[in-house]
Amino acid sequence: MITFPNIKINLGLSITEKRPDGYHNLETVFYPVALEDALEIRTSPDTDRKFTLYQHGMEIAGKPEDNLVVKAYLLMDKEFHLPPVEIHLYKHIPSGAGLGGGSSDAAFMLKLLNDHYQLGVSEEQLEVYAATLGADCAFFIKNRPTFAEGIGNIFSPVELSLSGYQIMIIKPDVFVSTREAFANIRPHHPEYPVKEVIRRPVTEWKDTLINDFETSVFPQHPIIRDIKEELYHHGAIYASMSGSGSSVFGLFAPESTLPEIDWGTDAFCFTGTL
Ligand SMILES: C[C@@](CO)(OP(=O)(O)O)[C@H](O)COP(=O)(O)OP(=O)(O)OC[C@H]1O[C@@H](n2ccc(N)nc2=O)[C@H](O)[C@@H]1O
Ligand SMILES: Nc1ncnc2c1ncn2[C@@H]1O[C@H](COP(=O)(O)OP(=O)(O)O)[C@@H](O)[C@H]1O
């Protein structure tokens, strides 16, 4: 059985408070976008080992047991004593991009195992499992526009459709540490709350829908700021860094022709329609 884990982008991201446990409270809207990995499982004839991971496409650092799809399988195996599996993961989503690729793979693995082995686990329970694998992982279970608060794990649905808008996502060859990005931020409550701004037309988002990480990340990696400015220069209606970076997305009007921009050979670029 095969499935296609997609990414999320962050529409606004306010870091509101530092918590006593060292984590931060935040407010953001996660929006799903169809940039996808491919994830397949087959019951394995090799009963000597529980899983075998075959990876294709972009490389991911770490051992197979560090991979979130394996962690998701082992979590479900503990609960349901699953048969051994072959896992095929084709990575097309860049890692460390603020696009949630690893979290999405993990959440889709939970859903895939639930469907393939007819485990009968509810969406709500799948969300509980997913939350143990990563802060934004549970979002990918329902995978619909979502307002997130708390440490990014308390969800409520939002009425928002960007259907028809065109999107361009660029990830330069730059690594941003999420931990450092948080450490360099001064938490504050936003002048324009994310939840309110996204009710307004996209044309009004430019100066009001803000990703707080840009303040801490842009000075260290000016290339990310340059990409955002370039997207506006080429007609984006709204552009922002996603998550803690390093990718940047631009939204373009439904009827427009996307600009052709040379981002250099080291950059990853995706274009699509929402
Ligand atoms: C901030 C977001 C917004 O989408 O960034 P992206 O991952 O998308 O870039 C996510 O919630 C990130 O979630 P996730 O990527 O799962 O973060 P984790 O690995 O759990 O945390 C990495 C580190 O970031 C800090 N951290 C993370 C989440 C949070 N609410 N407060 C924090 O202070 C902690 O220092 C933690 O050790
Ligand atoms: N299946 C996976 N895909 C991508 N990254 C993974 C996966 N499993 C584990 N990781 C690890 O998770 C980390 C974060 O990856 P990812 O979720 O893609 O980035 P981000 O949270 O910035 O969007 C990476 O450092 C990577 O080593």
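Owing to the predicted nature of the structure, the values given are computational and were not obtained by experimental measurement.

Visitor: Looking at this structure, I do not really get the sheet that holds strand S8 (residues 154–157). What am I missing?
Guide: Pairing between sheet strands relies on hydrogen bonds along the backbone, with the strands arranged either parallel or antiparallel. Spatially, the four strands line up as an open sheet ordered S2-S3-S7-S8, and their pairing is antiparallel. This sheet does not close on itself; its edge strands, each paired only once, are strand S2 (6–18) and S8. Put simply, the sheet's adjacent strands are angled 20° from each other on average, direction ignored. Pairing of S2 with strand S3 (residues 24–36) involves 11 bridges; the strand directions are antiparallel. Bridge pairing in S3 places Glu-17 opposite Asn-25.

Visitor: Looking at this structure, how should I read the nonpolar core?
Guide: Within soluble globular proteins, side chains that are nonpolar tend to cluster in buried spots. Core analysis: the biggest nonpolar cluster contains 65 residues, and Val-69, Ala-72, Tyr-73, Ala-106, Met-109, Leu-110 and Ala-130 have the highest contact counts within it. With seven residues, the single largest contributor to this core is helix H2 (residues 101–116). Split by domain, this core shows at least three residues from each of two domains, domain 1 (2–157) and domain 2 (166–273). Each residue touching Met-109, except ones within four places of it in the same chain, is listed here: Leu-39, Val-69, Ala-72 and Tyr-73.

Visitor: Just to check I follow, could you spell out the site of ligand 2 for this structure?
Guide: Taken together, 18 residues form the shell around ligand 2, and within it Leu-68, Ser-95, Gly-101, Gly-102 and Asp-105 come nearest. At the level of elements, helix H1 (68–80) and H2 are the ones that each hand at least two residues to the shell around ligand 2. When residues of the shell around ligand 2 are assigned to their parent elements, the largest contribution, four residues, is made by H2. Across the shell around ligand 2, the residue classes break down as six nonpolar, 10 polar and two charged.

Visitor: In this structure, what is going on with the UniProt feature "active site" (unreviewed entry) in the protein chain? I would like to understand it.
Guide: Per the UniProt annotation, the sites labelled "active site" (unreviewed entry) are Lys-8 and Asp-136. In summary, the annotated positions, though distributed over 129 residues, converge in three dimensions, the widest C-alpha pair being only 9.4 Å. Tracing the sequence through the fold places Lys-8 in strand S2. Discounting residues that sit within four places of it in the chain, Lys-8 has contacts with Phe-30, Tyr-31, Pro-32, Val-33, Leu-99, Gly-100, Asp-136 and Phe-139. With respect to the secondary-structure elements, Asp-136 resides in the loop between helix H3 (123–131) and helix H4 (139–142). A tally of 26 C-beta atoms within 10 Å means that Asp-136 is categorised as buried. Not counting residues within four places of it along the chain, the set of residues in contact with Asp-136 comprises Lys-8, Phe-30, Gly-100, Ser-103 and Gly-152.

Visitor: Help me out: how do you make sense of the domain arrangement of the protein chain in this one?
Guide: For an interface, size is often stated in terms of accessible area lost upon the parts coming together. With domains assigned, the protein chain is organised as domain 1 (2–157) and domain 2 (166–273). On a C-alpha basis, the centroid separation for the pair domain 1 and domain 2 is 23 Å. The interface of domain 1 with domain 2 comprises 23 residues on the first partner and 31 residues on the second. Within the residue set of the side of domain 1 that touches domain 2, elements represented by two or more residues are S2 and S3. In terms of residue count, S2 provides more of the side of domain 1 that touches domain 2 than any other element does, 10 residues in total. In terms of residue class, the side of domain 1 that touches domain 2 is built from 12 nonpolar, eight polar and three charged.

About the thresholds
Residues numbered from 1 in each chain as written. Chains lettered and ligands numbered in written order. Predicted model: local features only at pLDDT ≥ 70, side-chain atom pairs only at ≥ 80, totals over all residues. Pairing = 2+ DSSP bridges. Helix = DSSP H or I, 4+ residues; strand = E, 2+ residues; numbered from the N terminus. Axes fitted to C-alpha atoms, helices over the stretch in contact; angles between N-to-C directions. Core = buried A, V, L, I, M, F, W, Y, C linked by C-beta atoms within 7 Å. Buried ≥ 20, exposed ≤ 12 C-beta atoms within 10 Å, placed from the backbone. Domains from an automatic or database assignment. Contact = placed C-beta atoms within 7 Å. Near = placed C-beta within 6 Å. Nonpolar A, V, L, I, M, F, W, Y, C, P; charged D, E, K, R; others polar. UniProt positions renumbered as here; feature names shortened; annotations may be inferred.

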